[in-house]
Amino acid sequence: MKELKEILKILTESIGPSGMEEKSFESVKKILEGEENITISLDKMGNIIIFRKGDRKEKIAFFTHNDEIGLIVTKIDGDYLRFTSVGGYDEKVLLGQEVTVYGEKVVSGIIGATPPHLQKAGESDKLLKYEDLYVDLAMKNKELEKYFKIGDRIILKSEFTELKNDFVCCKSIDNRGSAAAIINILNHIKNLKNIPDLYFVLNAQEETTMVGSLTSCYSINPDIAVVVDVTFAKQPGVESGISYDSIGIGRGSHICSDLYDYITEIAKRENIKYEIEAVPQHSGTDAYAVQTARGGIKTILLSLPIKNMHSPREIVNVKTIDKISKLLSLFVSEVEFEKYGEKIIK
Amino acid sequence: MILKNLSEIFGPSGNECEIRDFIVETIKDHVDSLKIDKMGNIIAFKKGKNKNSKKVLLGAHMDEVGFMIKSIEENGMLRFLPAGSIDKRVVIGKNVLIGKEKVKGVICYKPIHLQRKDYNNIPDFDSLVIDIGSTEKKDAEKYVSVGDYAVFDTKFEKKGNIIKGKSFDDRLGCAAIIEILKERYENDLFGAFFVQEEVGLRGSKAAVFNIPADYAIVLEGTSAADMPHSKDEPDYPKMGDGVVITISDRSFFVHKDLFNETVSCAKENKIKYQFKQPMVGGTDGGEIHKSKEGVKTIVFAVPSRYIHSPVSYADLRDYRSMVDLTKKLLNKLK
Amino acid sequence: MKNLVKDLTSIIGPSSYEEPVVDYIEKSLKGKKNLEIKKDALGNLIVRKKGNGKKIMVAAHMDEIGFIVKHIDKNGFIRFAVVGGLFPHNIIENHVVFVNGVEGVIGYENKNFNWQNIPKTDEMFIDIGAKDKKDAEKKVNIGLLGAMKPTFVDLGKRISTKSLDDRIGCAILLQLALDDFQTDNDIYYVFTTQEEVGLRGAKTSAFSVSPDFAIAVDVTGTGDTPETHIMEVKLGEGPAIKVLDSGMVVRKPVIDFMVDVAKKNRIPYQLEILKGGTTDGMMIQTNKEGVLTGVVSVPTRYIHSQAEMCDMDDVENSVKLIKEILKMDLSKRGF
């Protein structure tokens, strides 16, 4: 069982765009090497499900999503590839980025940008849209036709980089950072007792269609669901973000209010820094789908603050990820299920 | 009177505990079984008199539109978000009640004298604040927290047949089911009070999964359209013209046989009825009718002016027509 | 097959009024002893060809976009709401037909009209040539549904007509149901309702069938007209195998499977990424614990207009492709 930073590195560097999440299955298996009592499977919709048998009969499922935003080939245009996004990529970060294209061959390329010398007057003030951009693989049309086709995925290159003060920078911390947080629970519960059956679910397609959360929570049908996703950390221009070292705890319609009360009690008791996130309506997370699955599932939502969301250089503080793992491991060993179920009055 | 309680009780989408407790207390002696499901929906059951009865789901939603406190500024002002669909133009200068303690607050924007260029702009929710009388954050935090809910502070009044108050959408539907549950009918009856309708028809979606319904009747409060119009366009449903029967809204089309049966039932029993404008609004009927293998569903409503705002009107005679039609149908369905 | 398409596209059947399409399909399938026919609470028509193998659901929607009567004004002009994605520029001054046969024209408020801005649908009305309100009320009522007037134009290899979306899918399913081909799989041809207003029929029919695998059959746009968006789908180059649209990301193993079947049987095909539109496939995919779902699309120009255009070769090849998929042993692919 790997340590948190290593888990985060493996997860964020693995390739798993919306609809092709299985590529990351091997990476996840690597993380859990040597762990007994744990099974890992890939279901037909691309969800990765890690199961740990517990010594209580109830089930808790953690839902994070495994898919990353990326780009997809729409046309082979002469010696270049045209593309569009899958999930919400900001076009403004694309110019001048290095990419990798996954076709019959895996090849590196660049999203081409005209140098200032050749630009027309005022051109650098023009916002480029997807239709204006292209990938240059330094290959000729004949070769491109041979190895690539429409639907091939393009992932922006980004190496896991350690910055000062436990900050790290990489792509897809949305939402592999949350996945790291829940898998790291396995490290924290080694010395705890009274653990229920635990499902760690890395959902497919949250960034696009939410098909992963809709289907995985139907098949698992847990007694309690914990959704972990990312949120905006405070950064210039994002005054409403939460502090990088706080956990976000959601309050709103997707969240069961008595479970919210319970988990904030634990956080206060353990001095784990948290901020309340007001989400009265659509939370924009898997909680939207999970809470109304089947006859309803008791759900809570925790958030990991990250900077530069939906760019290839997302930044997070590793200590904050660990706080989520710690809080949730105490939660699973202490929660009294009888208090959070159906109430029969008569 | 029960309508007064139902209208005034605090129960925004996502925070329905108070209204739920009230309804449970009120109905528990009139039903055979009663439970609260994992989302907080109330589901009551009453066995039918007929041995070969069908199962009918009768539903209304408990939640009302409201607000949630998003953040507390250094100067003690509260920033907030809507919970449910609220026209941003109706909120300025209105009183609200916040949280469990019902802290009084007012939704503020700068005075007209100082608006200048902004006079012709409609302020977004981001530019509004709620003032509870605190002058610094530390003080405000003694009374409210981020994530607390708020509702309009509106008193219920009755003038003859006309009632005035908040949340007729859908406390009128709740009142009707409470009344209907006092009797027993030919068919098995599931009386359900849903949560979170205003934020996406969420409670009904989960509740209906475990209810084996042959038919569903949803009781609502809907927009009356008899305000002044600038051109010759639809001005129905009208207050006083009877119970509103939905042909279609944005969430569903009524089941044709059930619709025909309902209209003849209304005619036979001389119950005043009218139709809703097609393709307007959405209700729990939208989730229920396409649940699992499908449920034959119809929606009745009381036409109410100015729903989703601090103050609405409705006509008690339309409410009475809705209750009567539902009771007749509960005995007629086969 | 062209006549089948002509018949189906001429039926007036906007969302929630699919019965005339159901009747036509049932009549066409009369006498087929190997098929079981059922209808559900939402009006879906489920035609089962029993088999011992995997359950495969093939879906096409019967409904078309249309409109519904909201109000008859004091002079007998009719105000309406749209049903599904009927856009202003598709209907101005077009001929329309109500489900009871009454015909009319779409007019618009031209008091403030200027050539730059298209009026919105609530600034339009239907003129049935009535003398006054009383006269109009004899012919139409609130809640009455209607659609664009049928206009089938035969251009040889290509045809242009209303509601190829998705009567062309229905024609393909009907053709498959009529053909007697050998397969072990348990096939459900599902003619769904109310797709244009939110994929509703697909939701309930997928729940009751609970298939192992599904194929939705619908139309998709093309990128082969002057100065259009980048889209590598062209009329006449074969059925499109969907990769991505605005509601669905097709799983890679499913795309690979469908492409392999096409290649193996030498059926031309194209790969499709559609921005701005989705199909019943999106709803079927999320049924219960999930269903592996693919989509076969007929490339179509001018979607949601009175003059949608497709190529009959693409239609024939769509039938061929789906037939070969339905014959396959899915367990060999791990499905």
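In this report, we go over the structure that sits alongside the text.

Calculation criteria
Residues numbered from 1 in each chain as written. Chains lettered and ligands numbered in written order. Predicted model: local features only at pLDDT ≥ 70, side-chain atom pairs only at ≥ 80, totals over all residues. Axes fitted to C-alpha atoms, helices over the stretch in contact; angles between N-to-C directions. Helix = DSSP H or I, 4+ residues; strand = E, 2+ residues; numbered from the N terminus. Parallel < 35°, antiparallel > 145°, perpendicular 65-115°, else oblique. Left-handed = near helix turned anticlockwise from the far one by under 90°. Contact = placed C-beta atoms within 7 Å. Pairing = 2+ DSSP bridges. Nonpolar A, V, L, I, M, F, W, Y, C, P; charged D, E, K, R; others polar.

**As for the packing of helix α7 (residues 252-264) of chain C against helix α9 (residues 312-327) of chain C**
Residue and element names in this part refer to chain C.
Consideration 1: One can describe the packing of α7 onto α9 by two numbers: an axis separation of 10 Å at closest approach and a directional angle of 110°. When the axes of α7 and α9 are compared, the pair comes out roughly perpendicular. Here the hand of the crossing between α7 and α9 comes out right-handed. Mapping the contact onto sequence places Met258, Val261 and Ala262 in α7 and Leu321, Glu324 and Ile325 in α9.

**Remarks on the sheet that holds strand β17 (residues 314-317) of chain A**
Consideration 1: Read across the sheet, three strands follow the order β10-β11-β17 (chain A) without closing on themselves; strand pairing throughout is antiparallel. Looking at strand neighbours, the two that pair on one side only are β10 (161-162) and β17 of chain A, the edges of this open sheet.

**Thoughts on the environment of A:Gly248**
Consideration 1: When you line up the elements, A:Gly248 lands in strand β14 (residues 247-252).
Consideration 2: Sequence separation of A:Gly248 and A:Leu301 is 53 residues, and the distance between their C-alpha atoms is 8.3 Å.

**Description of the interface of chain A and chain B**
Consideration 1: Taken together, the contact between chain A and chain B spans 22 residues of the former and 28 residues of the latter.
Consideration 2: Contributing elements (two or more residues each) for the side of chain A that touches chain B: β14, β15 (274-279) and β18 (343-344) of chain A.
Consideration 3: Both β18(A) and strand β1 (residues 33-36) of chain B contribute to a ladder of two bridges, which runs antiparallel. Across the sheet, residue A:Lys343 finds its bridge partner in β1(B), namely B:Ile36.

**Concerning the interface of chain A and chain C**
Consideration 1: Contacts between the two partners involve 24 residues from chain A, matched on the other side by 21 residues from chain C.
Consideration 2: For the side of chain A that touches chain C, the secondary structure elements donating two or more residues are β4 (70-77), β5 (80-86) and α6 (211-220) of chain A.
Consideration 3: When residues in the side of chain A that touches chain C are grouped by element, the largest group, five residues, is from α6(A).
Consideration 4: Taken together, the residues of the side of chain A that touches chain C break down into eight nonpolar, 11 polar and five charged.

**What about the pairing of strand β17 (residues 312-315) of chain B?**
Residues and elements named next belong to chain B.
Consideration 1: Bridge count for strand β11 (residues 162-165) against β17 is four bridges, and the pairing is antiparallel. Residue pairing in the sheet places isoleucine 162 in a bridge with aspartate 315 of β17.
Consideration 2: When strand β16 (residues 296-305) meets β17, the two strands line up antiparallel, connected through two bridges. In the strand pairing of β17, arginine 305 is matched with tyrosine 313.
Consideration 3: Between β16 and β17, which follow one another and run antiparallel, lie six residues, and tyrosine 306 among them has a positive phi close to 70°.

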